[in-house]
Amino acid sequence: MSISFRGGLLPENRIKRKCEKVKNYFASFSVALPLEGRTPLVTEGSRVFIGQPIADGYPVLYATISGTVSFISAEKHGRDAIIIENDFENAVYSGLCPAEKPIDEFSREEIFEKLLTYAICESSDGNLLCDNLSLCKSAKRLIINCCECDFFGNAVTSLICGEASALLSGTKILMHALGASKAVFVCEESGIEAQEAIKNETGKSRTFVTATLTDSYPVCEQTIIQALYNREIPVGSTAAEIGKPVVSAETAIQVYKSFSTGMPQISKVFSIDGEYVRNSCVVRAPLGARISDVIEVSGGLLTACDSFIYGSLFNGRLSDTAFEEVFAALPRVLVTIPMSRRHERCIRCGKCGDVCPMMLSPMNYAIYYEKELPFEAFRHADVCIGCGCCEFICPTGVPLVQIIKEAQNAKNEEDIWR
Amino acid sequence: MTGNYPPFIHTRYTHGTLRLGVLIAMFPVAAWGVFMFGARVVTLLAIGIISAAFSEWLYRFASGGGFYGSFMCDFRSPAITGALCAMMCPVSVPLYVPAVASAIAVIVFRNLWGGEGKNLLNPAVAGVVSTELLFHGNMSSFVLPFSYHSATAIIIGPEYIEEVGCRSPLQVLWHGGLYEDGVSSLFLGVCPGKIGEIGIVVLILAAVILLVTRNLKPYTGLSYVVTLFLISYFFPVGENEAAVYALWQVFSGSVIFLAVFAMSDPVTTPKRNGGRVLFGVGCGLLTYVFRMLIPMFDGAYIALLVMNILTPLFFHITTPLPYGVSRSARENDISVTDEGDVAEQVGSEDRDSDKPL
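Computed from a prediction, not measured in an experiment: that's the story for all the values here. (Residues numbered from 1 in each chain as written. Chains lettered and ligands numbered in written order. Predicted model: local features only at pLDDT ≥ 70, side-chain atom pairs only at ≥ 80, totals over all residues. Heavy atoms only, no water.)

So, the overall build of chain B
What counts is decided by this rule: Helix and strand assignments come from DSSP, with helices taken as H or I runs of at least 4 residues and strands as E runs of at least 2, each series counted from the N terminus. Every accessible area reported is derived by Shrake-Rupley at a probe size of 1.4 Å, with residue values counting cover from the shown protein chains alone.
For chain B, the helix and strand inventory stands at 18 helices and 2 strands. For chain B, the accessible area works out to roughly 14900 Å², and carbon and sulfur atoms hold 68% of it.

And the structure:
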């Protein structure tokens, strides 16, 4: 029997794609890895290998391809990054350090230290996994999110179908670190392939259970906790803080791979699709690779297009260029023209409140905005997770997400609700 | 406001398509009315719609919208109001009655209230109630089914009405009796009554269309009908058999019509499911009470308008606290300093042990 959470929606114009084989793509001509205040460990012209530390900081920055460093943090180039030109040899760094003893012998701190060393990021938000999990003081359950970011992608399902055993092993490592006695794999009702792949691995084990969520968007840690335990995560907190850590399936797979091979996180799995893409596909590409290069894997574009959506159709980011880099929280690249809507006045139908998973009444914010009330009146706007359900369902196309975002920005500038 | 903010996808059910869905749902009801009462129904509907559209234009023109500029609006909502007004009239009314009802509904109860979305009362029902007060005699004279009338005569002669006139099932109920043709005639709609309010079968079909086109949340209408049935069942009037009396209360008059069309109006009904149920229950109770207190006038209309006034209250009391807010309020009282405090904040972990997950 499937479980559900309050609010949310099932888009009537959804496209459910089947899982497919993940294509590895490491033939990017170059990668640009942002330094973000880290100290370079290599110099321009030096040769680097896959998995080699190239900048020291929090966390350490690793080379994601083998090749030659072309420039570092050059202000004249207007970028704070290390650029590596690919030599197409895919040479792996010799100093990789896999787990040197059985997992059972690792302490919680040692595992967290390893997670930091391997620079593993949570694939849903891009934050460091060790930072997320260290907020959890004790946990009886570890929740693995095996759902897609929305109803239009297939990257997570494809990854799980291909690497279910790695998912299970990674989950065991994280369970050991957190002291959890049970792991819950949260799958979508329509994600039958992923469910079957997990069940084939776990068998009838009572330690690993699969929870099926009714097909509904958004699936995030707030909605998962609400659906599984009928509890709410306090505003400003995370699931880990209340003892119910949620980790995405891709991250758990990465944990196992890093512990078994010593290879830090150097790649990201995401889907490429859209009406302008010749062939939709799921690819694994090195972090920092140029997305325009990766799109070529799928056969390139049908016609020229300057509309790229990075992330979900509901809460992704629109860009006019594909000259951007692959980053750790990228779930998909969509090459399509966004659906345009004529913005009309709010008619107070209340449909937005019906679908809001955060139990807000976005209609009220639209009315306040119409009346030009100060942002102090927008109480609880900070609860909004920006899933976009309200604006999707709005029959008059009121730009609710933008209105709430403005209120949140005003709150951040001045602490107006406290 | 402009910008490249998500979401980049939107529902197909826009305001225009939703309104179109209501118009489509009205079609079988109107067709049944034409079958029962003849071409005069078409004339009444056309007059109601044209009057509503003209009233909308007139209001916009009077508000400074300009002669041509006032045409630049969506006339689907006024058209729905006009058609509903006409459907809530008996076929024998003079042709100006639906025109007046539509004009009052659109100008007074919709636009003077601030326009679409800001009206407190259901415009069509409020317009018809006002018209009933003005033309009570015309609005409460009914004719036999299949007694077709002139489609163009402004007023049907009283001598003709006397010839084919009869009491509606609701009027029979007020006089302590039951309609002699039985429940099946009420259910199938072969009985006297207002144009759109007879024919429970076609109204159910309209409800299905409204559900498919996402215009109707069933909670309000269902709770309304169930409440009225139960209260009539447990407190029957006269010597009628309880179940038959309860079915009569539900099937006669405008109960099902309002449950389908008036309660599909998202503006004047509560926005949360709890509020929707409360609204329906309140409507059912008040319909029964008003039908007892105010004979010769369908209490369902008054009940709906009273509950419309209470809608903001229902919205207020049924709106839950936003996600996580109650917890954070408690957080101010409980300092999260150690593991024990965290467990206290989220409840005991042991409770989870019984759960399979």
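Focus on the interface of chain A and chain B
As a reminder, the rule being used: The contact criterion used throughout is that any non-hydrogen atoms of two residues lie within 4.5 Å. Throughout, the accessible surface (probe 1.4 Å) given up by two parts as they are put together, summed over both, is called the buried area. The term salt bridge refers to a pairing of a side-chain nitrogen on Lys or Arg with a carboxyl oxygen on Asp or Glu at a separation within 4 Å. Contacts described as polar in this section are N or O atom pairs within 3.5 Å, which, within protein, must combine one atom able to donate a hydrogen with one able to accept it, while residues neighboring in sequence count only if both atoms come from side chains.
Counting residues at the interface gives 73 residues for chain A and 54 residues for chain B. Here chain A meets chain B over a buried area of about 5600 Å², counting both sides, of which 56% is carbon and sulfur. Seen at the junction of chain A and chain B, the total is 3 salt bridges. Across the salt bridge formed by Asp354 of chain A and Lys217 of chain B, the nearest N and O atoms sit 3.8 Å from each other. At the boundary of chain A and chain B, one finds 18 residue pairs in polar contact (both at pLDDT 80 or more). Of all the elements in the fold, those that place two or more residues in the side of chain A that touches chain B are β10 (182-188), β11 (208-213), α6 (221-229), β16 (317-319), α9 (351-355), α10 (362-370), α11 (389-393) and α12 (400-413) of chain A.

Side note on the pairing of strand β13 (residues 267-273) of chain A
Residues and elements named next belong to chain A. Test applied: For every residue, the accessible area (1.4 Å probe, protein chains only) is compared with the maximum for its type, and the residue is labelled buried under 20%, exposed over 50%, or partly exposed between those bounds. Only strands that DSSP links by at least two bridges are regarded as paired with each other.
Summarising burial for β13: 7 of the 7 residues are buried, a large majority. Residues of β13 alternate between two faces, with Ser267, Val269, Ser271 and Asp273 on one and Lys268, Phe270 and Ile272 on the opposite face, all of them buried. Looking at chain direction, β13 and strand β14 (residues 281-286) are connected through 6 bridges and run antiparallel. Within the sheet, the bridge partner assigned to Lys268 lies in β14 and is Ala285. Bridge count for β13 against strand β17 (residues 332-335) is 3 bridges, and the pairing is parallel. If you follow Ser271 over to β17, its bridge partner there is Arg332.

Topic: the nonpolar core
Put simply, the rule is: For the purposes of this section, nonpolar cores are sets of buried Ala, Val, Leu, Ile, Met, Phe, Trp, Tyr and Cys residues that join through side-chain atoms within 4.5 Å.
Ranked by size, the top nonpolar core spans 74 residues in total, and within it Met88, Val125, Leu258 and Phe261 of chain B carry the most contacts. Element by element, the count of residues in this core is highest for helix α1 (residues 15-37) of chain B, at 7 residues. Sequence-distant contacts of Met88 of chain B, defined by excluding residues within four places in its chain, comprise Ala124, Val125, Val128, Met139, Lys194, Glu197, Phe257, Leu258 and Tyr301 of chain B. Counting 47 residues, the second largest nonpolar core, distinct from the first, contains Phe106, Cys121, Cys146 and Leu178 of chain A.

Observations regarding the confidence of the model for chain B
All names here are of chain B. Quick note on the threshold: Confidence scores per residue from the predictor, reported as pLDDT, run from 0 to 100.
In this model, chain B carries a mean pLDDT of 84, and residues with pLDDT of at least 70 account for 88%. Contacts of residues 330-357 to residues separated by more than four positions or lying in other chains number 53 contacts, the stretch itself having pLDDT below 50. For this predicted complex, the interface confidence score (ipTM) comes to 0.85, while the overall pTM stands at 0.87.

What about the sheet that holds β14 of chain A?
One key point about sheets: their strands pair by backbone hydrogen bonds, in either a parallel or an antiparallel sense. Residues and elements named next belong to chain A. Note the threshold: Axis definition: a line fitted to C-alpha atoms, over the contacting stretch in the case of helices. Angles run 0 to 180 degrees between N-to-C directions.
The strand order across the open sheet built from 6 strands is β1-β14-β13-β17-β15-β16, with neighbouring strands paired in mixed fashion. Two strands bound the open sheet, and with one partner strand each, they are β1 (22-24) and β16. Taking each pair of neighbouring strands and ignoring which way they run, the sheet shows an average axis angle of 30 degrees.

Quick look at the confidence of the model for chain A
Per-residue pLDDT for chain A has a mean of 88; in total, 97% of the residues score no lower than 70. No element of chain A has a lower mean pLDDT than β17 of chain A, which averages 86, and none a higher one than strand β12 (residues 246-248) of chain A, which averages 95.

A short note on the packing of aromatic side chains
All names here are of chain B. For the record, the criterion: Aromatic rings from Phe, Tyr and Trp, taking only the six-membered ring of Trp, are treated as a pair when their centres fall within 6.5 Å; an angle between ring planes under 30 degrees marks them as stacked, one over 60 as edge-to-face, and anything in between as tilted.
One pass over the structure, following the stated rule, counts 20 aromatic pairs over all chains. Pairing Phe35 with Phe146 gives two aromatic rings, centres 5.5 Å apart and planes at 85 degrees, and the pair type is edge-to-face. Highlighted residues: Phe35 in helix α1 and Phe146 in the loop between β1 (142-143) and α7 (158-164), separated in sequence by 111 residues. A relative accessible area of 44% means that Phe35 is categorised as partly exposed. Residue Phe146 is classed as partly exposed on the basis of its relative accessible area of 42%. Aromatic pair Trp57 and Phe61: ring centres 5.1 Å apart, planes at 5 degrees, arrangement stacked. Here Trp57 and its partner Phe61 are both found in helix α2 (residues 40-65), 4 residues apart, which amounts to about one turn of the helix. Overall, the relative accessible area of 9% leaves Trp57 in the buried class. A relative accessible area of 39% means that Phe61 is categorised as partly exposed.

Considerations on the state of the cysteines
Residue and element names in this part refer to chain A. The line we're drawing: What counts as a disulfide here is a pair of cysteine sulfur atoms lying within 2.5 Å.
Under the defined criterion, the tally for this structure stands at 0 disulfides over all chains. With no disulfide of its own, Cys305 has Cys281 as its nearest cysteine by sulfur position, at a separation of 16 Å. You can call Cys305 buried: its relative accessible area is 13%.

Considering helix α3 (residues 155-162) of chain A
Every buried residue of α3 of chain A is listed here: Ala155, Thr157, Ser158, Leu159 and Ile160 of chain A. Buried residues in α3 of chain A make contact with β1, α4 (164-178), α5 (192-202), α7 (249-261), β13 and β14 of chain A.

Considering the sheet that holds strand β2 (residues 30-34) of chain A
Residues and elements named next belong to chain A. One open sheet holds the 4 strands; their spatial order is β2-β8-β7-β4, and the pairing between them is antiparallel. The sheet terminates laterally at β2 and β4 (47-48), the two strands that pair on one side only. Here β2 pairs with strand β8 (residues 81-86) via 5 bridges, running antiparallel. Across the sheet, the residue bridging to Pro34 is Ala81, located in β8.

What to know about the packing of α1 of chain B against helix α10 (residues 200-212) of chain B
Residues and elements named next belong to chain B. Rule in force here: By the definition adopted for this analysis, an angle is roughly parallel if under 35 degrees, roughly antiparallel if over 145, roughly perpendicular if from 65 to 115, and oblique otherwise. Handedness of a crossing follows from how the near helix is turned relative to the far one, being left-handed for an anticlockwise turn of less than a right angle and right-handed for a clockwise one. Three residue categories are used. Nonpolar comprises Ala, Val, Leu, Ile, Met, Phe, Trp, Tyr, Cys and Pro, charged comprises Asp, Glu, Lys and Arg, and polar comprises the others, including Gly.
Across the interface, α1 lies against α10 with an axial gap of 8 Å and an inter-helix angle of 170 degrees. By the criterion of interaxial angle, the relationship of α1 to α10 is roughly antiparallel. Viewed along their axes, α1 and α10 form a crossing whose handedness is right-handed. Counting all contacts with α1, which are made through Gly21, Val22, Ile24, Ala25, Pro28, Val29 and Trp32, the residues of α10 involved are Val202, Leu203, Leu205, Ala206, Ile209 and Leu210. Along the lines of polarity and charge, the residues of the contact of α1 with α10 split into 12 nonpolar, 1 polar and no charged.

Let's talk about unusual backbone geometry
All names here are of chain A. With omega at -5 degrees, the peptide bond leading from Tyr58 into Pro59 counts as cis. Tracing the sequence through the fold places Pro59 in the loop between β5 (53-56) and β6 (61-62). Each neighbour pair has its own omega, and for Tyr217 with Pro218 the value is 5 degrees, a cis peptide bond. Position of Pro218 among the secondary structure elements: in the loop between β11 and α6. Phi angles above zero are rare outside glycine, and Arg348 is one such case at about 55 degrees.

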